Amino acid sequence: MKRIITVLVLLVATVSAYAQYANPALAERKGCTIKIDGEKLSHQEANILMSNIDGEDYSGEWARARGWRTAGISMIAGGGAIAAGGAMTVLIGALTSALGATMGAVAGATVGSIGGEEQANQSASEAAQKGADAGKPIITGGLIAMGLGLGVHIAGIPLTVVNSVKMSKLVDRYNESLPEPEPAPQMELSFGPTCNGVGLRLSF
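Rules used throughout
Residues numbered from 1 in each chain as written. Predicted model: local features only at pLDDT ≥ 70, side-chain atom pairs only at ≥ 80, totals over all residues. Heavy atoms only, no water. Helix = DSSP H or I, 4+ residues; strand = E, 2+ residues; numbered from the N terminus. Buried < 20%, exposed > 50% of the residue type's maximum accessible area, 1.4 Å probe, protein only. Areas by Shrake-Rupley, 256 points an atom, 1.4 Å probe, with all protein chains shown as cover. Contact = heavy atoms within 4.5 Å. Core = buried A, V, L, I, M, F, W, Y, C linked by side-chain atoms within 4.5 Å. Pairing = 2+ DSSP bridges. Axes fitted to C-alpha atoms, helices over the stretch in contact; angles between N-to-C directions. Patch = residues over 30% accessible without salt bridge, like charges linked within 9 Å, V, L, I, M, F, W, Y side chains within 5 Å. Salt bridge = Lys/Arg side-chain N within 4 Å of Asp/Glu carboxyl O. pLDDT = per-residue confidence, 0-100.

(A) Local environment of the overall build of the protein chain. Summing up its helical and strand segments, the protein chain has five helices and five strands in all. Going from the N terminus to the C terminus, the protein chain shows its helices and strands as α-β-β-β-α-α-α-α-β-β. By the burial criterion, 25% of the 204 residues in the protein chain qualify as buried. As displayed, the protein chain offers around 13300 Å² of accessible surface, 64% of which is attributable to carbon and sulfur atoms.

(B) Spotlight on the side chain of N175. The residue N175 is located in helix α5 (residues 136-177) in this model. Other than its neighbours up to four places away in sequence, N175 contacts L26 and A27.

(C) A look at the nonpolar core. Counting 17 residues, the largest nonpolar core has I34, I36, M50, W62 and Y174 as the members making the most contacts within it. Among the elements of the structure, β2 (33-36), α2 (43-50), α3 (59-112) and α5 are those that each provide at least two residues to this core. Filtering out sequence-adjacent residues up to four positions away, W62 remains in contact with R29, C32, I34, A46, N47, M50, M167, L170 and V171.

(D) View of the pairing of β2. The pairing of strand β1 (residues 27-30) with β2 spans four bridges and is antiparallel. Each bridged residue has a counterpart across the sheet, and for E28 the counterpart in β2 is K35. Where β1 folds back onto β2 in an antiparallel hairpin, the turn is made up of two residues, including G31, whose phi is positive at roughly 65°. As defined by bridge partners, β2 adjoins strand β3 (residues 39-40) across two bridges and the pair is classed as antiparallel. Directly across from K35, in β3, lies its bridge partner K40.

(E) Quick peek at the sheet that holds β3. Strands sit in the order β1-β2-β3 across an open sheet of three strands; the sheet is antiparallel. Each of the sheet's edge strands pairs with one partner strand only, and the pair in question is β1 and β3. Here α5 sits on the sheet in contact with β1 and β2, set at roughly 170° to β1.

(F) Expanded view of a nonpolar patch on the surface. Nonpolar side chains collect at one region of the surface, where M88, L91 and L95 lie side by side and expose about 310 Å² of accessible area between them. Here L91 is to be found in helix α3.

(G) Expanded view of the environment of I82. With respect to the helices, strands and loops of the structure, I82 is situated in helix α3. A relative accessible area of 43% means that I82 is categorised as partly exposed. If we skip the residues at most four places from it in the chain, I82 touches A145 and G149.

(H) Spatial organisation of unusual backbone geometry. Residue D37 is not a glycine yet carries a positive backbone phi of 55°. Take D37: it is sitting in the loop between β2 and β3. With a phi close to 55°, D54 is a non-glycine residue in the positive phi region. Of note, D54 is situated in the loop between α2 and α3.

(I) Up close: the confidence of the model for the protein chain. Of the residues in the protein chain, 60% reach a pLDDT of 70 or more, and the chain-wide mean stands at 76. Mean pLDDT per element in the protein chain: helix α1 (residues 2-22) is the minimum at 47, and α5 is the maximum at 93. Segment residues 4-22: pLDDT under 50, and 17 contacts once partners within four positions in sequence are set aside and those in other chains are kept.

Rendered as structure tokens:
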């Protein structure tokens, strides 16, 4: 019984060794980092990895692509925030204009009523226009911020995508440079005569 258990343990260990022997450590890109066997490499380790691919140094190209990708993501986030702030500013300006027009009309009508109905209407109209004009600079500023924010946001998208593709291609190039795995030794478990008599025999 002990021999059978020992043989089974050796068989499991050999299968594990077979898996390690047959599969080289491939790299994969996760965002701006590289993972090998599930372990994330530091920026310095990634640069070292890229510094010798089939004798070529791609560390500078990797660092540039990583930097531009990071810049693109920052542009997407920052531009979106600016555009959202601009939209809020436009809303505040519109509310300011509406409130100013309403209050100006009421105040103008009250003051102008002293001079009669015609004077009241004219005063109310002028005061309402002034109140509405108060929000126009705010609306204009908000629209400008929205335009700039959207422009930065949109420009960041292709910047991120293009440099993500560059980084993925560099990782693929590294994986392609790895040597082809040698065929793992064949294993065979059989029952028959052994050096110590008759029993299970593991050959590999």
